[in-house]
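Single-letter residue listing:
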Amino acid sequence: MAKTKATAQDFLSKMKLPEQETEATAPIAAAPANVEPRRTAGRTGLKHIGGYFDRDTVEKVAILRARLDLDNSQLIKRAIDELYSREGAARKFGDR
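Residues numbered from 1 in each chain as written. Predicted model: local features only at pLDDT ≥ 70, side-chain atom pairs only at ≥ 80, totals over all residues. Heavy atoms only, no water.

1. Description of the pattern of salt bridges
Spelled out, the test is: Counted as salt bridges are all cases of a side-chain nitrogen of Lys or Arg within 4 Å of a carboxyl oxygen of Asp or Glu. Secondary structure elements are taken from DSSP: a helix is a run of H or I of four residues or more, a strand is a run of E of two residues or more, and numbering for both begins at the N terminus. When a residue's accessible area, from a 1.4 Å probe over protein chains only, is under 20% of the maximum for its type it is buried; when over 50% it is exposed; and in between it is partly exposed.
Considering all chains together, one arrives at two salt bridges under this definition. Note that Asp81 is salt-bridged to Lys77, the shortest N-O span being 2.9 Å. On the criterion of helical spacing, the pair formed by Asp81 and Lys77 is a turn pair, its members being four residues apart in helix H4 (residues 72-92). For Lys77, a relative accessible area of 51% translates into the label exposed.

Spelled out as structure tokens, the structure:
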């Protein structure tokens, strides 16, 4: 006697309880998921710069982020730009 291949539907139908068999099963419509479009530019071509800071410095960064409404990358860029321009000005005037 040849065995037939068992399918998932066969398994599920055998698992139903008698009271479940009398209920009509309607397919459940799934709501479409809100999928965010992928950023195409993203971080391509950018370089990550990070560091390890003590609690006081981390707190200062958090306060500046909140006050200036910037993310970490924007805040670091702004700080580097300001420091760079200050150093450039100091060299022009012979202070360094």
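2. A short note on a nonpolar patch on the surface
Just so we agree on the cut-off: To count toward a patch, a residue needs a relative accessible area over 30% and no salt bridge; like charges are then connected within 9 Å, while nonpolar side chains (Val, Leu, Ile, Met, Phe, Trp, Tyr) are connected within 5 Å. Shrake-Rupley sampling with a 1.4 Å probe provides the accessible areas, and residues are treated as covered by the protein chains on show and by no other component.
A grouping of Phe11, Leu12 and Met15 is seen on the molecular surface, where their side chains present a nonpolar patch of about 350 Å² in accessible area. Within the secondary structure, Met15 sits in helix H1 (residues 8-15).

3. Details of helix H3 (residues 55-68)
Heads up, the rule is: A helix is expected to reach a length of 1.5 Å times the quantity of its residues less one.
For H3, spanning 14 residues, the distance from its first C-alpha to its last is 20 Å, which sits close to the expected 20 Å at 1.5 Å a residue. Trailing H3 by a residue or two, Asp69 shows a phi angle of about 55°, which is positive.

4. Some words on the packing of H3 against H4
Describing two packed helices takes the angle between their axes plus the distance from one axis to the other. This is how the line gets drawn: For every element, the axis is a line fit to its C-alpha atoms; helices are fit only across the contacting stretch, and the angle between N-to-C directions ranges from 0 to 180 degrees. These descriptions rest on fixed angle ranges, namely under 35 degrees for roughly parallel, over 145 for roughly antiparallel, 65 to 115 for roughly perpendicular, and the rest for oblique. Residue contacts follow a heavy-atom distance rule, with two residues in contact if any of their heavy atoms lie within 4.5 Å. Charged means Asp, Glu, Lys or Arg here, nonpolar means Ala, Val, Leu, Ile, Met, Phe, Trp, Tyr, Cys or Pro, and polar covers whatever is left, Gly included.
Axis separation between H3 and H4 bottoms out at 10 Å; the angle between their running directions is 95°. Of the possible angle classes, the one that applies to H3 and H4 is roughly perpendicular. In this structure, H3 contributes Val61, Leu64, Arg65 and Leu68 to the contact, and H4 contributes Asn72, Leu75 and Arg78. Among the residues making up the contact of H3 with H4, the classes are represented as four nonpolar, one polar and two charged.

5. Structural notes on unusual backbone geometry
For Asp69, which is not glycine, the phi torsion reads 55° and is therefore positive. Inspection of the secondary structure assignment puts Asp69 in the loop between H3 and H4.

6. Comments concerning the confidence of the model for the protein
Threshold: pLDDT gives the predictor's per-residue confidence on a scale running from 0 to 100.
Looking at the protein as a whole, its pLDDT mean stands at 80, while 70% of the residues score no less than 70. Per-element confidence in the protein ranges from a low mean pLDDT of 58 for helix H2 (residues 18-22) to a high of 95 for H3.

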